[in-house]
Amino acid sequence: MIEIDDPAVKAEVEAVFAAYETALVTNDVATLENLFHDDLRTIRYGAGENLYGMEAIRAFRRARAPQGLARSLEHTVITTYGRDMAVAMTLFRREGAAGRIGRQSQTWVRFPEGWKVVAAHVSVIEDPGPA
């Protein structure tokens, strides 16, 4: 039976998710690249791009403008499944984007070198109001 939300595993994923968020808003490209699994099968669907494989993800990160990355998170839910797999879901808001809300999902897997994102999705929709 798979244990869901083992407290020690959940704390690990919460910490790596927080490190990802810090790297994202500070445009720490090296850390962002390190937190994704370096593999052709790693996927990141962005708000305006579909990225297949780590090389495409690297190219996107390295070309992205470092301005306007600050955001606030809401309703973050991190769930772990066993010791080696987790999903993280969150909503986000950016200043100047009134009426819009972002959605982010990540699938994390523990590899020998640590927790890595193997799949991610980002989208922005009209804000439906309070959940």
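Residues numbered from 1 in each chain as written. Predicted model: local features only at pLDDT ≥ 70, side-chain atom pairs only at ≥ 80, totals over all residues. Heavy atoms only, no water.

You'll find the protein entered in an unreviewed UniProt entry as Oxalurate catabolism protein HpxZ, with Methylobacterium organophilum given as the organism.

Enquirer: Account for the side chain of Thr 80, naming residues and giving values.
Expert: Along the chain, Thr 80 turns up in strand β3 (residues 72-81). Excluding residues that lie within four positions of it along the chain, Thr 80 makes contacts with Glu 3, Ile 4, Asp 5, Asp 6, Val 9, Lys 10, Val 13, Met 85 and Ala 86. (Helix = DSSP H or I, 4+ residues; strand = E, 2+ residues; numbered from the N terminus. Contact = heavy atoms within 4.5 Å.)

Enquirer: Account for helix α3 (residues 54-63), with residues named and values stated.
Expert: Residues of α3 that are buried include every one of Met 54, Ile 57, Arg 58, Phe 60 and Arg 61, and no others. Looking down the long axis of α3, one finds its buried residues gathered within 165° of arc, a one-sided arrangement. Facing away from the buried side of α3 by over 90 degrees, the exposed positions are Glu 55, Arg 62 and Ala 63. Where α3 is buried, its residues contact α1 (7-25), α2 (29-34), β1 (43-45) and β2 (50-52). (Buried < 20%, exposed > 50% of the residue type's maximum accessible area, 1.4 Å probe, protein only. Arc of directions from axis to C-beta.)

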